[in-house]
Amino acid sequence: MTAAGAQGAGSAGHWKSAFGVRLYTQAGLVLDSRARVLGLGMEVSMAAIGSRFRTGQKCTQTGVYHWDGYTDGTRLPAPTSEERVITLDAGRIFPPVNSADKGAYWVLKRAT
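None of the values given here were measured: they were computed from a predicted structure.

Rules and cut-offs
Residues numbered from 1 in each chain as written. Predicted model: local features only at pLDDT ≥ 70, side-chain atom pairs only at ≥ 80, totals over all residues. Heavy atoms only, no water. Helix = DSSP H or I, 4+ residues; strand = E, 2+ residues; numbered from the N terminus. Buried < 20%, exposed > 50% of the residue type's maximum accessible area, 1.4 Å probe, protein only. Contact = heavy atoms within 4.5 Å. Areas by Shrake-Rupley, 256 points an atom, 1.4 Å probe, with all protein chains shown as cover. Core = buried A, V, L, I, M, F, W, Y, C linked by side-chain atoms within 4.5 Å. Pairing = 2+ DSSP bridges. Axes fitted to C-alpha atoms, helices over the stretch in contact; angles between N-to-C directions.

> Residue-level account of the overall build of the protein chain, with values.
Scanning the protein chain from terminus to terminus reveals 1 helix and 9 strands. Going from the N terminus to the C terminus, the protein chain shows its helices and strands as β-β-β-β-β-β-β-α-β-β. Relative to its 112 residues, the protein chain shows a buried fraction of 29%. By sequence separation, contacts in the protein chain at least 24 residues apart represent 46% of the contacts at least 6 residues apart. Of the roughly 6,900 Å² that the protein chain leaves accessible, carbon and sulfur atoms contribute 55%.

Right, here's the structure in full:
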């Protein structure tokens, strides 16, 4: 453990482990590099830019997502310009492309 890791539970800091960087929040919670709350049996999952999701999955990161093909492996018919880019809030479900009546893949382009 580095000196930063030796800080009190109420202090913000970090230390490196074999699994990456762990962060101490002001509330004394310990987060790993995937933003999971360690030791409490709960997880706060946040997607990385470029993460890919499919229709029906729950969104874990509020952001702007771009269409990346259909779940059946095709790319036609192309979605409308309004359907190619969506803004989705965490907790919502990734939608299908309604104009094609097909499930879609979505890629996170920008977290908001």
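> Give a detailed account of the nonpolar core, specifying residues and quantitative values.
If you look at the biggest cluster of nonpolar residues, it comprises 14 residues, and the most contacted ones within it are Tyr65, Trp67, Phe94, Val97 and Trp106. Where this core is concerned, the elements lending two or more residues are strand E7 (63-70), strand E8 (85-88) and strand E9 (104-111). The contacts of Val97, once residues within four sequence positions are left out, are Trp67, Tyr70, Pro79, Glu83, Lys102, Ala104 and Trp106.

> Quick rundown of the sheet that holds strand E6 (residues 52-54)? Include the residues and the values.
Overall, antiparallel pairing links the 4 strands, which are arranged E6-E9-E7-E8 in an open sheet. One side of each edge strand has no neighbouring strand; the edge strands of this open sheet are E6 and E8. Pairwise comparison of adjacent strand axes, ignoring direction, gives a mean angle of 40° for this sheet. Two elements, E7 and E9, share 6 bridges in a ladder whose sense is antiparallel. From the neighbouring strand, His66 faces E9, where its bridge partner is Val107.

> Describe unusual backbone geometry, and please don't skip the residues or the numbers.
Geometrically, the link from Leu76 to Pro77 is a cis peptide bond, its omega value of 0° lying close to zero. By the secondary structure assignment, Pro77 is in the loop between E7 and helix H1 (81-84). If you check the backbone angles, Asp101 has positive phi at about 55° while not being a glycine. Residue position: Asp101 is located in the loop between E8 and E9.

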